[in-house]
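Descriptive structure summary
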Amino acid sequence: MASVFTKIINGEIPGRFVYRDSTVAAFLTIEPVAYGHTLVVPVEEVDRWTDMDPELWAHCNEIAQHIGSAIVHAFDAPRAGYLIAGFEVPHAHIHIFPAHDMSGYSLANAMNMDDTDPAQMDAAAHKIREALAEAGVETGVTASGQS
């Protein structure tokens, strides 16, 4: 059965995409620790990051680094947080988020999806796409987040 991330990547479930190529997608999580919290996900369903092909893993990290830089710029954050957990969805993914302190490193501090403001979520995705474009990163998605 397809993971929820595969369903987002395939367009079966809506997602706020900030990046997309043939092997990696990046979209906002529905339960962020901060607005701008993005998941970098391989298109291929791989449960554990340790099982990923090394080239794909390197590409995921390259994209995570670009998104992290964009997040620092877009949200005036002192750091971009980087976290791998993998217990929530059996599809490898990297969490990248604006980090102002260590609280973002605990997913227990994430907002409930019912408590997030859709307008702020849309604005966060737009800010990240804009910062990526300013850095010269081809995002593969339109201004509205469609791939």
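Further up the page is the structure itself.
Residues numbered from 1 in each chain as written. Predicted model: local features only at pLDDT ≥ 70, side-chain atom pairs only at ≥ 80, totals over all residues. Heavy atoms only, no water.

**Quick word on the overall build of the protein**
A tally of helices and strands in the protein yields three helices and five strands. In the protein, the succession of α and β elements from N to C terminus is α-β-β-β-α-β-β-α. The C-alpha radius of gyration computed for the protein amounts to 14 Å, which stays within 12% of the reference 15 Å derived for 147 residues, consistent with globular compactness. When its C-alpha atoms are laid out on the principal axes, the protein stretches across 35 × 35 × 30 Å. Split into buried and exposed, the 147 residues of the protein put 44% on the buried side. Partitioning the contacts of the protein with sequence separation of at least 6, the portion at a separation of at least 24 is 59%. Here the protein displays about 7700 Å² of accessible surface, and carbon together with sulfur accounts for 53% of that area. Averaging the locations of the 7 positively and 20 negatively charged side chains of the protein gives two centres separated by 2 Å. (Helix = DSSP H or I, 4+ residues; strand = E, 2+ residues; numbered from the N terminus. Rg over C-alpha atoms; globule rule 2.2 N^0.38 Å. Buried < 20%, exposed > 50% of the residue type's maximum accessible area, 1.4 Å probe, protein only. Contact = heavy atoms within 4.5 Å. Areas by Shrake-Rupley, 256 points an atom, 1.4 Å probe, with all protein chains shown as cover. Lys, Arg positive; Asp, Glu negative; His and termini not counted. Charge placed at Lys NZ, Arg CZ, Asp CG, Glu CD.)

**Side note on the sheet that holds strand β5 (residues 94-99)**
Sheets are built from strands that pair by backbone hydrogen bonding, the pairs being arranged parallel or antiparallel. Read across the sheet, five strands follow the order β1-β2-β3-β5-β4 without closing on themselves; strand pairing throughout is antiparallel. One side of each edge strand has no neighbouring strand; the edge strands of this open sheet are β1 (17-20) and β4 (79-83). In this sheet, neighbouring strand axes are inclined to one another by 20° on average, regardless of whether the strands run parallel or antiparallel. Judged from the three bridges that link them, β1 and strand β2 (residues 24-28) form a sheet pairing that is antiparallel. Bridge pairing links Arg20 to Ala25 in β2. Against the sheet, helix α2 (residues 54-75) makes contact with β1, β2, β3 (38-42), β4 and β5, and its axis sits at roughly 20° relative to β5, the strand it touches most. In this fold helix α3 (residues 118-134) packs onto β1, β2 and β3, with an angle of close to 40° to the strand it touches most, β1. (Pairing = 2+ DSSP bridges. Axes fitted to C-alpha atoms, helices over the stretch in contact; angles between N-to-C directions.)

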